[in-house]
Structures are given as C-alpha cells and as structure tokens.
Amino acid sequence: MSQVRVRFAPSPTGFFHIGSARTALFNWLYARHTGGVFVLRIEDTDQARNSEEFLNVIYDSLTWLGMTWDEGPKVGGAFGPYRQSERAHIYAEYLEKLKASGRTYEKDGALFFKISGEPQIIDDAIRGRVERVEEKDFVIVRSDKTPVFHFVNVVDDITMAITHVIRGEDHLSNTSKHTELFKALGAPLPVYAHIPLILKQNGPGKMSKRDQGALVEEYQRRSYIPEALVNFLSLLGWNPKDDSEKMPIAEIIRRFDLPGVNQSNARFDDKKLAHMNMAYMLEMPAARFCELARAHFRRHQLAAGDWPDGAYFGEVMALAQPKIKAIDELPGYTVYFFAEDYPIDPKVREKVLAKGEPAARLKELIEVLRTADFSSDAAVESAIKTLAASTNLGFGDYQSVARLAVSGTNVGPSITGMFRVLGKDRVLARMERFLAGL
RNA sequence: GUCCCCAUCGUCUAGCCCGGUUAGGACACCACCCUUUCACGGUGAGAACCGGGGUUCGAAUCCCCGUGGGGACGCCA
C-alpha cells in the first residue's frame, strides 16, 4: 500500500482562522496516524495577498500549534516548489495537455473548461457516496492569463501525488469541478474527506474572521496553551468513541481516523476551550509555566517580565499556577507582588471594612506578625491561629482585612503563602500604610 | 431560486452501521460538601432523540416526506 500524502493549502491572508487550524490539524493527524506525509502548499496566486509577512502568519501559527510539515516552504521536498506563485511552468504544461484533449475553448478572452456533464460520484471517506452533476463549463484561465483556483488546485494535487484531500465541507460542491478536471487530465481521483464546518457560537452561519475567538493569533496573544487548543480542536468534529477528552497528542494521533469524523457541523464553545486550557495549565511543570508567564509579561511590557529575582518570580508563579484559569489572568492576579501601588478594589474595601472591627484586627495582627516567623506557610498560619485563639475569633476575621490591606482585593492565593513570599517587611509596611489611611 | 451536506440535553458528543439502553460522558448552569478569600476538587439535580408517515411484536437506530440548520452556485481561494 502506498504512502498517504495529504496537504494543507492555505492562502496567505494575513490571519490564521481557527477553522483553517482545524483543517490543518485533521490533515496533520491523518498523516501522523498513517505514517504519511504532511505537505504545506501556499496558494498565493493572488498577487495582492502575496507578502512575506502574511506567509509568516501561517508558519508561526502552524509551528506554535506543533504541526510540523514534511514538505513545503522552508523544508523543501521532491515535489516542489510549494508556492503556487512559483509553479506557473507546471500549470502551463498541464494547460497544454488539456488543450490537446480538446476540452477547452476561449470566450471573452478567458479559457473555459468543457465539462462532461456526467454525474460525478465520489466515495467520501466521511460522508459516503456523494453524487453531483456539474452543469456549467467554467473558467480555468482568466483573460489576464492567470489560472484560477480549481485548475491549479487539481494540478497541484496531481503533481504532488496527493492521495487524500481532507478539507472543509464548503468545498464539497466544488468537488464535481475537480473530479471533472482529474478525469480530463487522465489522473486517478484522490480520496476525498470533507470535514464539518465550525459554526460561530452565537448567531447563524459559519465562523468568520470577524467573530470573537476566530483567530489563532488571539490565543497566542492570550498565552493559551497550544496543546490545549489542539486537543480542543481535535474534539470538534471527531472523538475517540469512549469518554476520553483530555489526551496527550500521541494518543490523539494513535486514535484519530477519518471514519471517526462527524458529518454535522459543530458550534464553537469558548467555555469548553477555556476549561481544557485550565486543565493543561494545572498539570504543567512549574518551569514551563514560568517561561510562558515571563513571555506573557514581556509581550505586554510589564515589569514582571524582566523581574531580576528569578527565585521570587518562581515563588509567585507557584502560588498563581493552581489558581488561575488562563495565563492572561496573571498580570491582574499578581500585580501586588510586583508593585507597591497596587489598586485597592473599592467594593471589596467597603464590604470588608463594614464588618467587625477591621482596624482593631489589623493592629493586633501587626503586633503579632512583628515577631512571627515568615519562613514557612505553617509558621505564618500558626502565628495567626494563635492570635485568633487568644481573642476568641476565627482565622477568617483576620484573613479578610489582612488580604485587603496587603493585596487590595479578596481573591488570591492562600494568605499564608502570600505573606511568606512577600516577606515580613513588606507585609507589615502595607498593613501600617493601610491602617493609616482608614 | 437551483444543487449538495447535515439533524440526540443550551453547547461538544456516545449510542445508529448489526432495532430491545433507567438514552451515557464532557462543558455550561443550579444545589450541597471541602475550605483561610478566590479557585481546584467531590457529590447531586435539572436538561435531548425536529415533526409526520411507514416497516416491525418493538424505532434515537431502517425507509419516505416535510421542516429546520449549513454550504456551494465568481475571470475569489
């Protein structure tokens, strides 16, 4: 049996759509699953869209998601070149073949392909038998002599020896044009597999560039975990038939197959993606979390990105990692670890100050903490508990006002960990400053 | 309008091919538990076979017709 060759053929538009990512992923998974070849081909026949910058968007997104290509730009291969803008001579050659067969004619300066009109039958790997009759001759070369998509797409698939065409269902109606061309050129049909589309999460229609969460770069910017996005995307239209959801990529590759792909469109659900992202973050090694956090802070030009004290930075991240749902929450979640002018949430302030005698609690706390041991969470905890026991109050009576004074909010890591990492001097200084402002 | 594809909880889906299930899981939502705030986690609840005809002892499952959703109908890709 010959080796599977699949291709992902994006057009450089300047952005990378989540639907494109899923199409690329299904192709890539199928190649990896079968031990086949994943080809990247750039459909850049439209000169206006042809820029290095736009190409980099494609390379960056695929690389970020971990989808390496076996043949294509940058890596080469025996079937190149892999950019349509460099394949004009190949199209000219195949055009001659088609002309010689008498299946073309010129009209209004454009070259038309004469269809057979026979029913075109494909045995789609996902949908089964699909029959459609192409009813009109169509243009294959524009009057400006440039070949159109349907023609170059088929010629490339033939000359690149593509065995499986895995693409969005929006191409299903185009397939009759393509099979007509394959036959006219005397080439065997590839196996087609039309995957369902991703629908926007609110409102009608498929997801488009303008929809919230539609662009891969958005997840990159927000420092989502690429493995989580890939895992989520793999489950949009495919599933392993048991209840597995979170799976390492090796397992997804092992279990993925075309017959397991659904036939119906799927609505995008950012909540489920967020949940998947959190699950990946929770079990990530601390070192990697720190790296991603550093990069995120830097990207947003925050001081923490280049914080000189690596050990301190690591301690703060260790407190945050198990608590947040996504890395883009980090700047807000950890402000007070990296600055003294952290904001005080007015609503929380009002709420906390309205209850009990916060000023008195704070004074007691300051007294006790002055001589307390800050070297471990347990030591800090024991100091506060001893105090609470002596005043017949609860830990919580001290915790809420202390948290407000030291962090400005009511959400965050455990107060003991927060104190330990911040250190005695800063904790006391903040409490005194807060007390003075009451 | 014509052609093509699709149809199970709000969402992603298992079950359908090879008719018999209390129609399962996950996200979301709600309640409770855990608890040092906030999360995580745990337990539980509510929530679906689009409609109508057939076939059959029996239909989510097979067939037909509606309806609904999606896509394609470019000298875009």
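Structural data are supplied above this passage.
Here is a short report on the structure shown in this document.

Calculation criteria
Residues numbered from 1 in each chain as written. Chains lettered and ligands numbered in written order. Predicted model: local features only at pLDDT ≥ 70, side-chain atom pairs only at ≥ 80, totals over all residues. Heavy atoms only, no water. Salt bridge = Lys/Arg side-chain N within 4 Å of Asp/Glu carboxyl O. Buried < 20%, exposed > 50% of the residue type's maximum accessible area, 1.4 Å probe, protein only. Helix = DSSP H or I, 4+ residues; strand = E, 2+ residues; numbered from the N terminus. Lys, Arg positive; Asp, Glu negative; His and termini not counted. Polar contact = N/O pair within 3.5 Å; in protein donor to acceptor, adjacent residues only side chain to side chain. Contact = heavy atoms within 4.5 Å. Pairing = 2+ DSSP bridges. Axes fitted to C-alpha atoms, helices over the stretch in contact; angles between N-to-C directions. Near = heavy atom within 4 Å.

## Observations concerning the pattern of salt bridges
Piece 1. Applying the stated criterion to the full structure yields 33 salt bridges.
Piece 2. A salt bridge links arginine 41 to glutamate 43, with the shortest nitrogen-to-oxygen separation between them at 3.2 Å.
Piece 3. Given a relative accessible area of 0%, arginine 41 falls into the buried group.
Piece 4. Its salt-bridge partner being arginine 41, residue aspartate 156 comes within 3.5 Å of it at the nearest N-O pair. Taken as a pair, aspartate 156 in helix H4 (residues 149–159) and arginine 41 in the loop between strand E2 (37–40) and helix H2 (52–64) lie far apart in primary sequence, 115 residues in all.

## Thoughts on the side chain of aspartate 124
Piece 1. Along the chain, the position of aspartate 124 falls in strand E5 (residues 119–124).
Piece 2. Buried within the structure, aspartate 124 lacks any salt-bridge partner; arginine 127 is the closest side chain of opposite charge, at an N-O distance of 4.6 Å.
Piece 3. Among the polar contacts listed, one links the side chain of aspartate 124 to the backbone nitrogen of isoleucine 126, at a separation of 2.8 Å.
Piece 4. Sequence-distant contacts of aspartate 124, that is, excluding residues within four places in its chain, are made with Leu172, Tyr192, Ala193 and His194.

## Remarks on the sheet that holds strand E3 (residues 104–107)
Piece 1. Strand order in the open sheet formed by 3 strands is E3-E4-E7, and the pairing between neighbours is antiparallel. The sheet is open, and its two edges are formed by E3 and strand E7 (138–141), each paired on a single side. Each neighbouring strand pair of the sheet contributes to a mean axis angle of 45°, computed without reference to strand direction.
Piece 2. Sheet analysis places E3 next to strand E4 (residues 110–113), joined by 4 bridges and oriented antiparallel. Among the inter-strand pairings, lysine 107 is bridged to a residue of E4, identified as alanine 110.

## Focus on unusual backbone geometry
Piece 1. Residue proline 81 follows glycine 80 across a cis peptide bond; omega there is -5°.
Piece 2. Here proline 81 lies in the loop between H2 and helix H3 (88–100).
Piece 3. With phi around 50°, glutamine 301 is a residue other than glycine that occupies positive phi space.
Piece 4. Relative to the elements of secondary structure, glutamine 301 occurs in the loop between helix H10 (286–299) and helix H11 (310–320).

## Overview of the environment of glutamine 84
Piece 1. Within the element layout of this structure, glutamine 84 appears in the loop between H2 and H3.
Piece 2. Each C-alpha atom of the pair glutamine 84 and threonine 104 lies 22 Å from the other, and the pair is 20 residues apart in sequence.
Piece 3. Excluding residues that lie within four positions of it along the chain, glutamine 84 makes contacts with Arg41, Ile42, Glu43, Asp44, Thr45, Tyr91, Val152, Asn153 and Asp156.
Piece 4. There is a polar contact of 3.1 Å between the side chain of glutamine 84 and the side chain of glutamate 43.

## A look at the environment of alanine 161
Piece 1. Mapping alanine 161 onto the fold places it in the loop between H4 and strand E8 (164–168).
Piece 2. Classification of alanine 161 by relative accessible area gives partly exposed; the value is 31%.
Piece 3. In sequence terms alanine 161 and valine 4 are 157 residues apart; their C-alpha atoms lie 9.3 Å from each other.
Piece 4. Alanine 161 has contacts with Arg5 and Phe79, leaving out every residue within four places of it along the chain.

## Description of the protein's contact with RNA strand B
Piece 1. Around RNA strand B, the structure places 58 residues, and the nearest of them are Arg127, Arg142, Glu245, Lys323 and Asn410.
Piece 2. In RNA strand B, atoms within 4 Å of the protein come from the sugar-phosphate backbone in 70% of cases.
Piece 3. Between a sugar or linking oxygen of RNA strand B and a side-chain N or O atom of arginine 127, the distance comes to 2.4 Å.
Piece 4. The backbone of serine 414 places a nitrogen or oxygen atom 3.3 Å from a base oxygen of RNA strand B.
Piece 5. Elements with a minimum of two residues in the surface near RNA strand B: strand E6 (128–133), H4, strand E11 (266–267), helix H9 (270–282), helix H16 (395–407) and helix H17 (415–422).

Keep in mind these values describe shape, not function.
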